[in-house]
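# A look at the structure
The lines below spell out each chain.
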Amino acid sequence: MLKQQDKRGNLIILSGPSGVGKGTILSALMDNYDDIHYSISATTREARVGEEDGEDYYFISEDKFESLVEKDDFLEWAQVHNNYYGTPKKYVEENLNQGEDVILEIDIQGAQQIKEKFPQGVFIFLLPPSLEELKSRIHHRGTETEDAIQTRMKNAKKEMNKVEDYDYAVVNDEIEEAINKLEAIIIAERCKVKS
Ligand SMILES: Nc1ncnc2c1ncn2[C@@H]1O[C@H](COP(=O)(O)OP(=O)(O)OP(=O)(O)O)[C@@H](O)[C@H]1O
Ligand SMILES: Nc1nc2c(ncn2[C@@H]2O[C@H](COP(=O)(O)O)[C@@H](O)[C@H]2O)c(=O)[nH]1
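The rules behind each value
- Residues numbered from 1 in each chain as written.
- Chains lettered and ligands numbered in written order.
- Predicted model: local features only at pLDDT ≥ 70, side-chain atom pairs only at ≥ 80, totals over all residues.
- UniProt positions renumbered as here; feature names shortened; annotations may be inferred.
- Pairing = 2+ DSSP bridges.
- Helix = DSSP H or I, 4+ residues; strand = E, 2+ residues; numbered from the N terminus.
- Core = buried A, V, L, I, M, F, W, Y, C linked by C-beta atoms within 7 Å.
- Buried ≥ 20, exposed ≤ 12 C-beta atoms within 10 Å, placed from the backbone.
- Near = placed C-beta within 6 Å.
- Nonpolar A, V, L, I, M, F, W, Y, C, P; charged D, E, K, R; others polar.
- Contact = placed C-beta atoms within 7 Å.
- Axes fitted to C-alpha atoms, helices over the stretch in contact; angles between N-to-C directions.
- Parallel < 35°, antiparallel > 145°, perpendicular 65-115°, else oblique.
- Left-handed = near helix turned anticlockwise from the far one by under 90°.

Taking an unreviewed UniProt entry as the reference, the protein chain is identified by name as Guanylate kinase belonging to Halanaerobacter jeridensis. The annotation that UniProt attaches to the protein chain under Sequence similarities (unreviewed entry) is "Belongs to the guanylate kinase family."

Laid out in structure tokens, this is it:
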């Protein structure tokens, strides 16, 4: 892929309520692009069955998380659905400085922090076709307890009011269509003359 010389990469932020399909869409997208770098977050939540440390997340203790916060090693961090999540700073900065695009899959609070530091970031909000469909997707994923689903649905209703703070809104109804839209946004942002 051609790159404009001396241009920093784009920082792409994908947010949206739990269960909307962020991870599913990004893993399909990452299979097609070797020049977009997915930032692996750190979290204090327990790994789900099938999740790998260093691949899905860096699974760390609360003590370790706190020490990383104190060392200012996170670009942003937040408490989300009763656990802590943060974006390691070094990986993002190194790739952007090399002209590579980096994508963050983070919650709304984290995106707000990034907006203050990187207003030139590309902010994309993924929406479900409906709240009923959102609930059904979290149920079918089968990774959360009933209590956790309730917390996530309660948070989703608040989070969805924040869509207006984003540059783009993409509805994830038909998955292929949502992937195509995300790709189109990323390609268009690469072609921008001014940012
Ligand atoms: N367009 C779609 N149509 C139907 N099901 C979908 C669609 N997109 C994703 N799913 C399913 O919805 C469930 C939730 O998707 P996923 O885990 O990617 O969501 P997420 O936004 O990353 O959630 P979280 O924020 O909790 O990590 C998965 O079981 C996935 O297979
Ligand atoms: N602010 C941040 N939010 C993050 C980060 N990594 C993931 N997330 C968001 O947390 C929720 C829950 O994720 P889950 O894997 O437990 O279902 C979801 O909205 C993620 O996007 C991060 O580094 N910072």
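Past the structure itself, the notes keep going.
Residues in a regular strand point their side chains to alternate faces of the sheet. The pairing of strand E3 (residues 42-43) with strand E6 (residues 83-88) spans 2 bridges and is classified as antiparallel. Looking across to E6, one finds that Ala42 is bridged to Gly86.

To continue, consider the nonpolar core. Formed by 34 residues in total, the largest nonpolar core has its most connected members in Ile12, Ile13, Leu14, Ile103, Leu104 and Ile124. A total of 5 residues in this core trace back to one element, the largest contributor, which is strand E8 (residues 122-127).

Attention now goes to the site of ligand 1. In the vicinity of ligand 1 there are 13 residues, among which Ser18, Gly21, Gly23, Thr24 and Arg137 approach most closely. Those elements that provide at least two residues to the shell around ligand 1 are helix H1 (22-32) and helix H5 (131-141). Of the residues contributing to the shell around ligand 1, the split by class is 2 nonpolar, 8 polar and 3 charged.

A separate point is the UniProt feature "binding site: ATP" (unreviewed entry) in the protein chain. Look at the UniProt record and you will see "binding site: ATP" (unreviewed entry) annotated at Gly16, Pro17, Ser18, Gly19, Val20, Gly21, Lys22 and Gly23. If you trace the backbone, Val20 turns up in the loop between strand E1 (11-15) and H1. Dropping the residues within four chain positions of it, Val20 is found in contact with Leu126, Leu127, Pro128, Leu134 and Asn172. Here Gly21 is to be found in the loop between E1 and H1. The residues contacting Gly21, other than those within four sequence positions of it, are Leu126, Arg137, Asn172 and Ile175.

Right, let's get into the packing of H5 against helix H6 (residues 146-159). Where H5 contacts H6, the axes come no closer than 11 Å and their chain directions differ by 150 degrees. One way to sum up the angle between H5 and H6 is to call them roughly antiparallel. Crossing hand, H5 versus H6: right-handed. Contact residues: H5 offers Leu131, Leu134, Lys135, Ile138 and His139, while H6 offers Ile149, Arg152, Met153 and Ala156.

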